[in-house]
Amino acid sequence: MNEENVSRQKWGMLAGLMAYVLWGILPFYWKAVGSVSPLSVLSYRIVWSFAFMMVILIVSGKWFSFIKEVKAVLRNHRRLLAIVAAALLVTTNWFIFIFSVSSGKVIDASLGYYMNPLVNVVLATVFLKERLGRGELIACLLAALGVVLLAFQSGVVPWSSIAMAVTFSLYGLIKKVAAVSSMTGLTLETAIVAPFALVYLFFFSAEGFMSFGLSLNLLLIGAGIVTAIPLFLFAEAAKNISYILVGFLQYIAPTLMLIAAIFQFKETFALPQLLAFGLIWLGILIFTGSNILVLRKNKQLSKGISIDS
């Protein structure tokens, strides 16, 4: 492995870690705007994300390269369709997440993101032909068992959690394979749905456009920033490290959400849930340990090759 690949993987790992930590603490932000309806929050999130990305493009001097890439996307119907699909998937995921948090079901949101890596593994093995090692397979089975136990103890199929997992996994897969830069992709995704969000806010929302107090209006504007930054970091991670590893990094976010749900939002967390989450955590430890062993083995192997040569 050359230095460029090592550097890309390090950046991808760091970007993934930062993205998932930011996502993990987002429930606090959506709780702060809880007096606004979930659909309005979603619309503001879309509109201000697009505005924020436009400012970033202009300030960073990447506007002309953005226009050039947009023209290339418009000429390629397959890439354009991928961007549209990504926009619809991430918008659906945002709404389910905001609705779950505003409804006092942060644990359900946490469950959705715990399920997400399992879907990632399926997509990675089917579409990207990535292989699972023995440790990774055991980790997946333990995590799957934990998720099934969570669903069983609740007595209902966790449709919102499943929908969150599937939509974001498919979104991540598109970001992995689509030949579009992270900044251009995110700007186009928000641009596609922003007109619909504006129409809703101006003509259908009963609350009126930006008709709240100063602090709440600032929080709604800031929703664009707290949305765009982790999405950009996630796109960078998806392009630079394996999709399976991206999937298991995602356990950071639901773990932070779970901690917040129990200790800050005082949601119920009974013994069956503790046992189920325990299985998931054990799977994470096994996955992490197996990857560390593989990395050490590859490092020793590369050293041996360099010495021989």
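Residues numbered from 1 in each chain as written. Predicted model: local features only at pLDDT ≥ 70, side-chain atom pairs only at ≥ 80, totals over all residues. Heavy atoms only, no water.

Re the overall build of the protein chain
Then comes step 1: Across its full length, the protein chain holds 13 helices and 0 strands.
Then comes step 2: Secondary structure elements in the protein chain, listed N-terminal to C-terminal, are α-α-α-α-α-α-α-α-α-α-α-α-α.
Then comes step 3: A globule of 309 residues ought to have a C-alpha radius of gyration of about 19 Å, and the protein chain, at 20 Å, matches this closely.
Then comes step 4: Its C-alpha atoms put the protein chain at 70 × 55 × 30 Å along the principal axes.
Then comes step 5: The 309 residues of the protein chain split such that 45% are buried.
Then comes step 6: Of all intrachain contacts in the protein chain linking residues separated by at least 6 positions in sequence, the fraction that spans at least 24 positions is 87%.
Then comes step 7: Accessible surface computed for the protein chain: about 15600 Å², of which carbon and sulfur atoms make up 71%.
Then comes step 8: Distance between charge centroids for the protein chain: 3 Å, based on 22 positive and 11 negative side chains. (Helix = DSSP H or I, 4+ residues; strand = E, 2+ residues; numbered from the N terminus. Rg over C-alpha atoms; globule rule 2.2 N^0.38 Å. Buried < 20%, exposed > 50% of the residue type's maximum accessible area, 1.4 Å probe, protein only. Contact = heavy atoms within 4.5 Å. Areas by Shrake-Rupley, 256 points an atom, 1.4 Å probe, with all protein chains shown as cover. Lys, Arg positive; Asp, Glu negative; His and termini not counted. Charge placed at Lys NZ, Arg CZ, Asp CG, Glu CD.)

A short note on empty space enclosed by the protein
One water molecule sets the probe size; rolling that probe over the atoms shows where empty space is left.
Then comes step 1: All chains considered together, the criterion is met by 3 cavities of 30 Å³ or more.
Then comes step 2: The volume enclosed by the largest cavity comes to roughly 110 Å³.
Then comes step 3: Forming the boundary of the largest cavity are Tyr20, Trp23, Leu26, Arg45, Asn93, Trp94, Phe97, Tyr113, Phe168, Gln250, Ala253 and Met257.
Then comes step 4: At the level of secondary structure, the elements contributing two or more residues to the lining of the largest cavity comprise α1 (3–24), α5 (77–102) and α12 (252–263).
Then comes step 5: Looking at which element gives the most residues to the lining of the largest cavity, the answer is α5, with 3 residues. (1 Å grid on protein atoms, 1.4 Å probe; cavity = no way out; pocket = protein on both sides within 12 Å on 5 of 7 lines; lining within 4 Å. Points joined across faces, edges and corners; volume = space filled by probe spheres on them.)

Some details on unusual backbone geometry
Residues other than glycine predominantly adopt negative phi, and peptide bonds predominantly adopt the trans conformation.
Then comes step 1: Notably, Met210 is not glycine yet its phi reads approximately 50 degrees, a positive angle.
Then comes step 2: By the element assignment, Met210 lies in the loop between α9 (182–204) and α10 (214–240).
Then comes step 3: Under the relative-accessibility criterion, Met210 is labelled buried at 18%.
Then comes step 4: Its identity as a non-glycine residue notwithstanding, Lys266 has a phi of 60 degrees, on the positive side.
Then comes step 5: With respect to the helices, strands and loops of the structure, Lys266 is situated in the loop between α12 and α13 (271–308).

A word on the side chain of Thr184
Then comes step 1: Looking at the secondary structure, you find Thr184 in helix α9.
Then comes step 2: The residues contacting Thr184, other than those within four sequence positions of it, are Phe66, Glu69 and Val70.

Some points on helix α3 (residues 38–59)
Then comes step 1: Helix length check: α3, at 22 residues, gives a terminal C-alpha distance of 31 Å against a target of 32 Å (1.5 Å per residue), a fit within 8%.
Then comes step 2: On its buried face, α3 sits against α2 (26–32), α4 (63–75), α5, α9 and α10.
Then comes step 3: Backbone geometry just downstream of α3 places Gly61 in the positive-phi region, at approximately 75 degrees. (Expected span 1.5 Å × (residues − 1).)

Regarding the nonpolar core
Then comes step 1: Core analysis: the biggest nonpolar cluster contains 81 residues, and Trp23, Trp30, Phe97, Tyr171, Phe234 and Tyr251 have the highest contact counts within it.
Then comes step 2: Broken down by element, the residue count for this core peaks at 10 residues, all from α5.
Then comes step 3: Contacts of Phe97, omitting those with residues within four sequence positions, involve Leu26, Pro27, Trp30, Ala109, Tyr113, Met164 and Met257. (Core = buried A, V, L, I, M, F, W, Y, C linked by side-chain atoms within 4.5 Å.)

Quick notes on the side chain of Arg45
Then comes step 1: As for its placement among the helices and strands, Arg45 is situated in helix α3.
Then comes step 2: Here Arg45 occupies a buried position and makes no salt bridge, while the nearest side chain of opposite charge, Glu189, is found at 11 Å.
Then comes step 3: A distance of 2.5 Å separates a polar atom in the side chain of Arg45 from a polar atom in the side chain of Thr227.
Then comes step 4: The residues contacting Arg45, other than those within four sequence positions of it, are Leu26, Trp30, Trp94, Ile98, Ala223, Gly224 and Thr227. (Salt bridge = Lys/Arg side-chain N within 4 Å of Asp/Glu carboxyl O. Polar contact = N/O pair within 3.5 Å; in protein donor to acceptor, adjacent residues only side chain to side chain.)

Quick word on the packing of α3 against α10
Then comes step 1: Remark: α3 packs on α10, axes separated minimally by 7 Å, with the N-to-C direction vectors making an angle of 70 degrees. Taken together, the axis directions place α3 and α10 in an arrangement best described as roughly perpendicular. Where α3 crosses over α10, the two elements pack in a sense that is right-handed. Here α3 contributes Tyr44, Arg45, Trp48, Ser49, Phe52 and Met53 to the contact with α10, which in turn contributes Leu220, Ile221, Ala223, Gly224, Ile225, Thr227, Ala228 and Ile229. (Axes fitted to C-alpha atoms, helices over the stretch in contact; angles between N-to-C directions. Parallel < 35°, antiparallel > 145°, perpendicular 65-115°, else oblique. Left-handed = near helix turned anticlockwise from the far one by under 90°.)

Concerning a nonpolar patch on the surface
Then comes step 1: Among the surface-exposed residues, Leu198, Val199, Phe202, Phe203, Phe204 and Phe209 lie close enough to one another that they form a single nonpolar patch of about 630 Å² accessible area.
Then comes step 2: Residue placement: Phe203 occurs in helix α9.
Then comes step 3: Exposure remark for Phe203: the relative accessible area of 66% places this residue in the exposed category. (Patch = residues over 30% accessible without salt bridge, like charges linked within 9 Å, V, L, I, M, F, W, Y side chains within 5 Å.)

Structural notes on the packing of aromatic side chains
Then comes step 1: A full pass over the atoms with the stated rule returns 16 aromatic pairs.
Then comes step 2: Taking the centre distance of 5.8 Å and the plane angle of 35 degrees together, the rings of Tyr44 and Phe209 count as tilted. Of this pair, Tyr44 sits in helix α3 while Phe209 sits in the loop between α9 and α10, and the two are 165 residues apart along the sequence.
Then comes step 3: Clustering of aromatic rings is evident, with ring pairs tying together Tyr20, Trp23, Phe97, Tyr113, Phe168, Tyr171 and Phe234.
Then comes step 4: Here Lys31 stacks its cationic end above the ring of Phe265, 4.9 Å away from the centre of that ring. (Phe/Tyr/Trp six-rings, centres within 6.5 Å; stacked < 30°, edge-to-face > 60°. Lys NZ or Arg CZ within 6 Å of the ring centre and 35° of its normal.)

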